[in-house]
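So the chains spell out like this:
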Amino acid sequence: IEELSRNPQLSVSELEGFRQEFMQMVHYILHKNGLTALELFQDQAGIHLYAQPRNLEQLKASVLQVVQVIHDQLHPNCSVIQRIQSYIKEHLHEPITREQLAGFVHLNPAYLSRLFKREVGESITDYILFVRMSQAKDLILTSTIPISEVAKTFGYHNFSHFSKMFRKVYRVSPQEFRQQSKSQVNGIS
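Rules and cut-offs
- Residues numbered from 1 in each chain as written.
- Predicted model: local features only at pLDDT ≥ 70, side-chain atom pairs only at ≥ 80, totals over all residues.
- Heavy atoms only, no water.
- Helix = DSSP H or I, 4+ residues; strand = E, 2+ residues; numbered from the N terminus.
- Contact = heavy atoms within 4.5 Å.
- Phe/Tyr/Trp six-rings, centres within 6.5 Å; stacked < 30°, edge-to-face > 60°.
- Buried < 20%, exposed > 50% of the residue type's maximum accessible area, 1.4 Å probe, protein only.
- Lys NZ or Arg CZ within 6 Å of the ring centre and 35° of its normal.
- Axes fitted to C-alpha atoms, helices over the stretch in contact; angles between N-to-C directions.
- Parallel < 35°, antiparallel > 145°, perpendicular 65-115°, else oblique.
- Nonpolar A, V, L, I, M, F, W, Y, C, P; charged D, E, K, R; others polar.
- Core = buried A, V, L, I, M, F, W, Y, C linked by side-chain atoms within 4.5 Å.
- Salt bridge = Lys/Arg side-chain N within 4 Å of Asp/Glu carboxyl O.

K.L.:
How should the environment of Pro174 be read in this particular structure?
P.N.:
Relative to the elements of secondary structure, Pro174 occurs in helix α11 (residues 174-188). Separated by 80 residues in sequence, Pro174 and Glu94 place their C-alpha atoms 20 Å apart. Dropping the residues within four chain positions of it, Pro174 is found in contact with Ile140, Ile147, Phe162, Ser163 and Phe166.

K.L.:
I would appreciate a short explanation of the packing of aromatic side chains in the present structure.
P.N.:
For the coordinates displayed, the defined rule picks out eight aromatic pairs. Between Phe162 and Phe166, the ring centres sit 6.1 Å apart and the planes meet at 45°, which makes this aromatic pair tilted. Of the two residues, Phe162 and Phe166 both sit in helix α10 (residues 159-170), four residues apart, roughly one turn of that helix. The pair Phe162 / Phe166 is uniform in exposure class, with both members buried. With 5.8 Å between their ring centres and 65° between their planes, Phe166 and Phe177 make a pair best called edge-to-face. Note that Phe166 is positioned in helix α10 and Phe177 in helix α11, a separation of 11 residues in sequence. Each of the two residues, Phe166 as well as Phe177, counts as buried. The aromatic ring of Phe104 is capped on one face by Arg83, whose charged end is 5.5 Å from the ring centroid.

K.L.:
Looking at this structure, how should I read the packing of helix α2 (residues 12-32) against helix α4 (residues 56-74)?
P.N.:
The description of two packed helices rests on the angle between their axes and on the distance between the axes. Interaxial distance between α2 and α4 falls to 11 Å at its minimum, and their mutual angle equals 5°. It follows from the interaxial angle that α2 and α4 lie roughly parallel. Facing Leu15, Phe18, Arg19, Phe22, Val26, Ile29 and Leu30 of α2, the residues of α4 in contact are Leu56, Leu59, Val63, Val66, Val67, Ile70 and Leu74. Here the contact of α2 with α4 is composed, by residue class, of 13 nonpolar, no polar and one charged.

K.L.:
Teacher, can you tell me more about the nonpolar core here?
P.N.:
Most often, soluble globular proteins keep nonpolar side chains buried together rather than apart. Formed by 49 residues in total, the largest nonpolar core has its most connected members in Leu101, Leu107, Leu112 and Phe162. By residue number, the principal contributor to this core is helix α8 (residues 124-142), which donates eight residues.

K.L.:
Sorry, what's going on with the pattern of salt bridges here?
P.N.:
For the coordinates displayed, the defined rule picks out six salt bridges. Of the charged contacts in the structure, one is a salt bridge between Glu16 and Arg19, with a shortest N-O distance of 2.6 Å. With Glu16 and Arg19 both in helix α2 and three residues apart, this pair spans about one turn of that helix. We note that Glu16, like Arg19, is buried. The partner of Lys152 in a salt bridge is Glu149, with the nearest N and O atoms 3.7 Å apart.

This is the structure we're talking about:
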C-alpha cells in the first residue's frame, strides 16, 4: 500500500488489482487454517471484502480491517473469547447482544456463538447471565443496598425479571439469599 501511495497517477484498476491479489492471499491463509472468508466476514458492518475501492484510503481501511479480523482469529494469545469475556464484564450494566459482541471482535454472530460455546462450554447468553448474577450475589452479600437497586446496577429495570434470573442461577430469590446469608453470619457469631 505504501508503494502504491508513491504513484501519483494511481488508477482505480490498479487499486482493484491489488485488492484482488490481497483477497487471494486472504483465502489461501484462511484455507490453510481451516477457515472460510464467508464464515469470518459474513454480516460484518463496514467490511466490504468484494467492493471495488475508489481510492487508496478506502483500500487501506478495508485491508487493515481484514488483517485485524484474521489476526484476532489466528492468534490464540489474543483470544477472541477472552476479549469477549472482558467486554461482557465491562458492560454488565448495559444490554449486551450477540450481534454487538460479534461486531466488537469482527466475527459473524453465528460463528461467534459456536466458537464461544466450544471454548467456554456454555452459550453467550448463559455466560452473561452467570456473570451478572455472580456479581449481583456478591453485592447482595457484602452490602445493604436495596435489592431493587442491585437489579438496576446490572441493567434489570424489571425487578421480577431480575429475581427470576437470580433464582434460575442460585435456586433462591435474591431476598431469600440475603436473609440466608444474614442468618449464617448471625448463627456463626
